[in-house]
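Secondary and tertiary structure notes
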Amino acid sequence: MKPIVLSGITPSGKLHVGNYLGALHNFVQLQNSGKYNCYFFLSDLHSLTESASPIERADHIIDIATNYLAAGLDPKKSTLFIQSHVPAHAELAWVLNSICPMGELERMTQYKDKSARMETNAGLFTYPALMTADIILYDAEFVPVGDDQDQHLELARTLARKFNSRFGETFIEPKALHTATPRVMSLADPLKKMSKSVPNGCLFLDDEPEVIKKKIMSAVTDSGSEVKFDEASKPGVSNLLMILSAATRHGGQAGKTIPELEKEFAGKNYGQFKAAVAESLIPYLAPIREKKAKLMEDPKKILKAFATGDKKANKVAGAKLKEVYEKVGLI
Ligand code: AMP
Ligand code: TRP
């Protein structure tokens, strides 16, 4: 049996290159490798912890679903589904909430960051228990995510272990899978991660070529003039080098390495370097933008692509939940 890969993205805004290079691109690679049994879903229940209006939320769901397909996820190769269409996620989350120590949730840095910025709600606090349910319901072994999710993955392992030791062997402990760019930094502040909640520093997947050019040319770089990878003293240039290295990968081809790029730009200035980053990114992102625009012409068809996956996910997750209910004594 092939190992199971599973991941999701929360529909809470437009996707940016951090989401793509850290997660979505890897979903597609893993799917196309043929080595895994892949599940990819939209974590729409997670989006309820944020304050979008119903119309905005529904738009975000369609937007991310379209991006999945435009990036190359294929319902014939992967199980693509929508979290809220599979009730077992919320049900298992409740069981896990009931064995999860408060202290484990209080430690979560994403919760601490978010609660410092916005009004807190209980869903935001228990979010990692729902995320754990998402993963362990399917016996997923590998979870492709950016490194901001590592702490949540660690909790998923802890909860799986805890359940197993209390109620008998039931769940697999999942592991995170990272790309070479597990943390793309903001173009406006290279000491912070590129994040949907700070649109100013984001390069969005559907930005038009002129916008890409403008954003890259005005990306914050560092003092000095040498194009060298040094995250401590040159975080802006290092971030662009990583983005450029990723953007030179085409199809299954390996891209240019950072040392190769440093050599290529030796003696060139930041302006020339940034122009080259923009020139690589434009054709790298164009096929996704174009495919997305085409898919958007028929939004109903997009959700249809998830219907078969919804059914399959319900079958797999429903069986696991039944086992759980029996093990915990719900008769
Ligand atoms: P989110 O935008 O938080 O819903 O994230 C969706 C996926 O993209 C998750 O796997 C994140 O870890 C990943 N991700 C988000 N921001 C970045 C970033 N700046 N660099 C790399 N991966 C990211
Ligand atoms: N928490 C993830 C994020 O914000 C999204 C997510 C929800 C997820 N459930 C998941 C990712 C399960 C991987 C596996 O990006």
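Remember, predicted model here, so these are calculated numbers, not experimental data.

1. Structural notes on the nonpolar core
Leu24, Tyr68, Ile216, Phe273, Leu281 and Phe306 are the most contacted members of the largest nonpolar core, which has 59 residues in total. A per-element tally of this core places helix H12 (residues 270–295) first, with nine residues. Per-domain counts for this core show at least three residues from each of domain 1 (4–182 + 297–328) and domain 2 (199–294). Once residues lying within four places of it in the same chain are set aside, the contact partners of Leu24 are Ile9, Leu15, Asn19, Asn67, Tyr68, Ala71 and Leu73. If you look at the next biggest cluster of nonpolar residues, it comprises 41 residues, including Val86, Ala93, Leu105 and Ile136.

2. What about the site of ligand 2?
With respect to spatial proximity, 14 residues lie near ligand 2, and among them Gly8, Tyr127, Met131, Asp134 and Gln149 are the closest. Separating a nitrogen atom of ligand 2 from a side-chain N or O atom of Tyr127 is a distance of 2.7 Å. At 3.1 Å from a nitrogen atom of ligand 2 is found a side-chain nitrogen or oxygen belonging to Gln149. Its free accessible area being 370 Å², ligand 2 has 89% of it covered by the protein chains.

3. Some details on the domain arrangement of the protein
Examined at the domain level, the protein breaks down into domain 1 (4–182 + 297–328) and domain 2 (199–294). Using only C-alpha atoms to locate each centre, domain 1 and domain 2 end up separated by 29 Å. At the interface, 18 residues of domain 1 touch 17 residues of domain 2. For the pairing of domain 1 and domain 2, the buried interface totals around 1600 Å² over both sides, and the portion due to carbon and sulfur atoms is 63%. For the pair domain 1 and domain 2, the number of links is two salt bridges. The closest approach of N and O atoms between Asp63 and Lys292, which form a salt bridge, is 2.7 Å. Looking at the side of domain 1 that touches domain 2, the elements that each hand over two or more residues are helix H1 (17–33) and helix H3 (54–71). For the side of domain 1 that touches domain 2, the element with the most residues is H3, which contributes six residues. The residue inventory of the side of domain 1 that touches domain 2, partitioned by class, reads eight nonpolar, six polar and four charged.

The rules behind each value
- Residues numbered from 1 in each chain as written.
- Chains lettered and ligands numbered in written order.
- Predicted model: local features only at pLDDT ≥ 70, side-chain atom pairs only at ≥ 80, totals over all residues.
- Heavy atoms only, no water.
- Core = buried A, V, L, I, M, F, W, Y, C linked by side-chain atoms within 4.5 Å.
- Buried < 20%, exposed > 50% of the residue type's maximum accessible area, 1.4 Å probe, protein only.
- Helix = DSSP H or I, 4+ residues; strand = E, 2+ residues; numbered from the N terminus.
- Domains from an automatic or database assignment.
- Contact = heavy atoms within 4.5 Å.
- Near = heavy atom within 4 Å.
- Polar contact = N/O pair within 3.5 Å; in protein donor to acceptor, adjacent residues only side chain to side chain.
- Areas by Shrake-Rupley, 256 points an atom, 1.4 Å probe, with all protein chains shown as cover.
- Buried area = accessible area lost by both parts, 1.4 Å probe.
- Salt bridge = Lys/Arg side-chain N within 4 Å of Asp/Glu carboxyl O.
- Nonpolar A, V, L, I, M, F, W, Y, C, P; charged D, E, K, R; others polar.

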